[in-house]
Amino acid sequence: MKILGITGGSGSGKTTLLRAVEHLGGLGLDCDAIYHCLLETDDALVAAIGARFPGTVRDGRVDRPALAAVVFADPAELAALDALTHEAVAREVRRRLWQSEAPFAAIDAIGLFESGLAALCDETVCVLAPEETRIERLIRRDGISRERALARIRAQKSDEALRAQCGHALWADAPTPEAFQQQCEQFLKGVLMMEETKKFEKEREALLSSPKNGYDRISEADLAAMESYCKEYMKFISDCKMEREAVKWTIEAAEKAGFRELKPGMQLKPGDRVYGNNHNKSVIFAVVGSESLNEGTHICAAHIDSPRLDLKPNPLYEDAGMAYFKTHYYGGIKKYQWTTTPLAIHGVVAKKDGTVVTVTVGEEPGDPIFCVTDLLVHLSADQMRKTLAEGVTGENLRILLGSRPLKDDEGADRVKFAILMLLNEKYGLTEEDFLSAELTMVPAGPAREVGFDRSLIAAYGHDDRVCAYAAFKPLLDLGTPVKTAVCVLADKEEIGSVGISGMQSQYFEMFMEDLCEAAGASKRRCFEHSFCLSADVSNAFDPLYAETCDPTNNTKINYGTGIFKYTGARGKSGSSDAAAEVMGYVRRIFAKHDVIWQTGELGKVDQGGGGTVACYMANRNIETVDAGVPVLSMHAPMEIVSKLDTYMTFKGMKVFYEEN
Ligand SMILES: CC(C)(COP(=O)(O)OP(=O)(O)OC[C@H]1O[C@@H](n2cnc3c(N)ncnc32)[C@H](O)[C@@H]1O)[C@@H](O)C(=O)NCCC(=O)NCCS
Ligand SMILES: Nc1ncnc2c1ncn2[C@@H]1O[C@H](COP(=O)(O)OP(=O)(O)OP(=O)(O)O)[C@@H](O)[C@H]1O
């Protein structure tokens, strides 16, 4: 508890200051009042006064005016009275202080220093007012004569003496008691509250973790860079809705920036820029560093696949005069979210003649879109009684394609047939070609800014292309780093990082082996000294579903890029659970380069969970930690990220590549 000692001459305004302390929630200890109480209860004190000042105690009661006449007329007498009373008053003050739970207190005592009470105080203040003013106040307040008022004042300390003893002086010359009350509160806020913070300001800053919103920390330069980075990212995420498109897009951009395909027998030197295209579905980029690859690499590994509705091998059918595609969803989705939302078709068809046709419909302004219908609310009594998981089934996620029967045709399924004719005309497809197709339905349309302040971005597939772009983009402008920089854009993370293009595939090993060989290094040594940021999104705290998260252990929108020691489910199953030193390293470099970052975990314990590619990198003896952008509505057709977190993830990956 912080304690303020108040002193000053009679009528100066001490009590008014004390009332202001009480008004602010502090404990006010008025020593005159305490003394008056003691005179009612402390018989020994009264007896002692009576003994020392004969004639001033009658019937066990102190005659204060009589006592005043004696002591205010003679300083020695006053000192004698003080010697009798101060100890009792000070004892009672200490007792009241100990009992109190108030955040701060003030002791108003004419004998603040003489009684020893000043030693209890953190701050002391003398209240001062012109002598004539004080006299007038005393006459008015106490109804005493001018002479008695003057006698009191003369028996007390001079302003100079008070100033010399006290840490602060408050000049009580406000025109009214109310105005002075305000002046007092102003003074107290400074002395009692702000001073308290100031006193431990350094300690608080050093010891307490008090994360601030990124907008309170970001520099003007970073703000400008954030807007331009996010604009570029929005173009990327609008153009690339499946892994093949991301591979094509990034390879084209990389080639323009001087990257060439890594081929066996190549000799690489520092600054060389190479890439490996893994079956058009995943890709690895590398910029060779000045240090040997034996000293390790800095890897950012993200994934470029997202949840979606893939077409079944035999997708096309007609029912009730309408044509549909049957789908089988890919990755984790909440099925009801995919109905009545505009969808586009993306993908390729490998034809019998060996050619591969690319299909994209639904993205250009004049394009038609597709959709999954939902049951009208009027007839939904049964459906509405089902759980969210059951209300819309996976099998029912069928895509409405058209309704116009082929004119003059006499056969069955005239709508389906008409659609096939259109597909044949445009892409040369037959129904059998769907057997060797990779066609998928994804939300149609480009990324959009969200909110009046445009601080957020809505798009399909932020998970995980928001991290993929952050991992890829810095390489384009990277000079020759010290450590070789490697960006992995993997496929199949949403279904377990499996298959030839998933992070578990041997392709990564092979690329790294080729890279090490071309640079005269050993892959084994290289892995041993490498460090990987497993760049993947996390769930941003959503106040609408607050019960699913531990708010102090969850990433929040606008608090920066996330770094995660572990992901996984239940007892961290499926996580790589990074070592403390690994987290420490990332903290260090992010702090060094003003990267705004935060940490957290995926929801409350046992609420659910999820994994990333981190464990597959760590399995290769590569130090790995998860890092990425917090996302709202993860895995929904429209996911939301904040511009600040998106940019800070890019900045984090950039400084990571540049760091030794
Ligand atoms: C001096 C006495 C007799 C005056 O009594 P009276 O009824 O006239 O006035 P009251 O008690 O209301 O006090 C009036 C004014 O005198 C001031 N005063 C009180 N005691 C003292 C003192 N020892 N020295 C100087 N001024 C004093 C008060 O601050 C107040 O401004 C009485 O206050 C007293 O016995 N005081 C001794 C107790 C004391 O020392 N209290 C302060 C503890 S820090
Ligand atoms: N700035 C002011 N303008 C006008 N009146 C004031 C002002 N400050 C205080 N007063 C009045 O003057 C009187 C004395 O003030 P206060 O009781 O606070 O003085 P004090 O220092 O506690 O005196 P004492 O030690 O005699 O109790 C009170 O009636 C109070 O309302």
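Shown above is the structure to which this text applies.
Residues numbered from 1 in each chain as written. Chains lettered and ligands numbered in written order. Predicted model: local features only at pLDDT ≥ 70, side-chain atom pairs only at ≥ 80, totals over all residues. Heavy atoms only, no water.

Participant: Any chance you could explain the overall build of the protein chain here in plain terms?
Facilitator: When helices and strands are counted, the protein chain shows 21 helices and 29 strands. Computed over the C-alpha atoms, the radius of gyration of the protein chain is 39 Å, more than 25% above the 26 Å expected from 2.2 N^0.38 for a compact globule of 660 residues. For the protein chain, the C-alpha atoms occupy an extent of roughly 130 × 70 × 45 Å along the three principal directions. Relative to its 660 residues, the protein chain shows a buried fraction of 51%. Of the contacts formed within the protein chain by residues at least 6 apart in sequence, a portion of 75% connects residues at least 24 apart. (Helix = DSSP H or I, 4+ residues; strand = E, 2+ residues; numbered from the N terminus. Rg over C-alpha atoms; globule rule 2.2 N^0.38 Å. Buried < 20%, exposed > 50% of the residue type's maximum accessible area, 1.4 Å probe, protein only. Contact = heavy atoms within 4.5 Å.)

Participant: What am I meant to see in empty space enclosed by the protein here?
Facilitator: The gaps of empty space that remain are located by a probe, the size of a water molecule, rolled over the atoms. Under the definition given, this model contains 1 cavity of 30 Å³ or more. Its boundaries defined by the atoms lining it, the largest cavity holds a volume of some 70 Å³. Forming the boundary of the largest cavity are 13 residues, of which Ser-282, Val-488, Gly-502, Tyr-507 and Phe-508 lie nearest the centre. Looking at the lining of the largest cavity residue by residue, the class counts come to 8 nonpolar, 5 polar and no charged. (1 Å grid on protein atoms, 1.4 Å probe; cavity = no way out; pocket = protein on both sides within 12 Å on 5 of 7 lines; lining within 4 Å. Points joined across faces, edges and corners; volume = space filled by probe spheres on them. Nonpolar A, V, L, I, M, F, W, Y, C, P; charged D, E, K, R; others polar.)

Participant: When you look at the nonpolar core in this model, what are you seeing that I'm missing?
Facilitator: Inside soluble globular proteins, nonpolar side chains tend to come together where they are buried. In terms of nonpolar packing, the biggest core is built from 65 residues, with Phe-285, Leu-475, Leu-489, Leu-533 and Val-625 touching the most fellow members. With 9 residues, the top contributor of residues to this core is helix H16 (residues 462-477). Setting aside residues no more than four positions away along its own chain, Leu-475 makes contact with Phe-259, Arg-273, Phe-285, Val-287, Ala-485, Cys-487 and Tyr-657. Among the nonpolar cores identified, the runner-up in size contains 31 residues, and Leu-45, Phe-53, Val-89 and Ala-90 belong to it. (Core = buried A, V, L, I, M, F, W, Y, C linked by side-chain atoms within 4.5 Å.)

Participant: Would you mind going over the site of ligand 2 with me for this structure?
Facilitator: Taken together, 17 residues sit near ligand 2, with Gly-13, Lys-14, Thr-15, Thr-16 and Arg-141 positioned nearest. Between Gly-11 and ligand 2, the recorded distance is 2.9 Å, taken from a backbone N or O atom to an oxygen atom. Lys-14 has a polar side-chain atom sitting 2.5 Å from an oxygen atom of ligand 2. In isolation ligand 2 has 620 Å² of accessible area, and contact with the protein removes 84% of it. Every element with two or more residues in the shell around ligand 2 is listed here: helix H1 (14-23), helix H6 (131-142) and helix H9 (177-199). (Near = heavy atom within 4 Å. Polar contact = N/O pair within 3.5 Å; in protein donor to acceptor, adjacent residues only side chain to side chain. Areas by Shrake-Rupley, 256 points an atom, 1.4 Å probe, with all protein chains shown as cover.)

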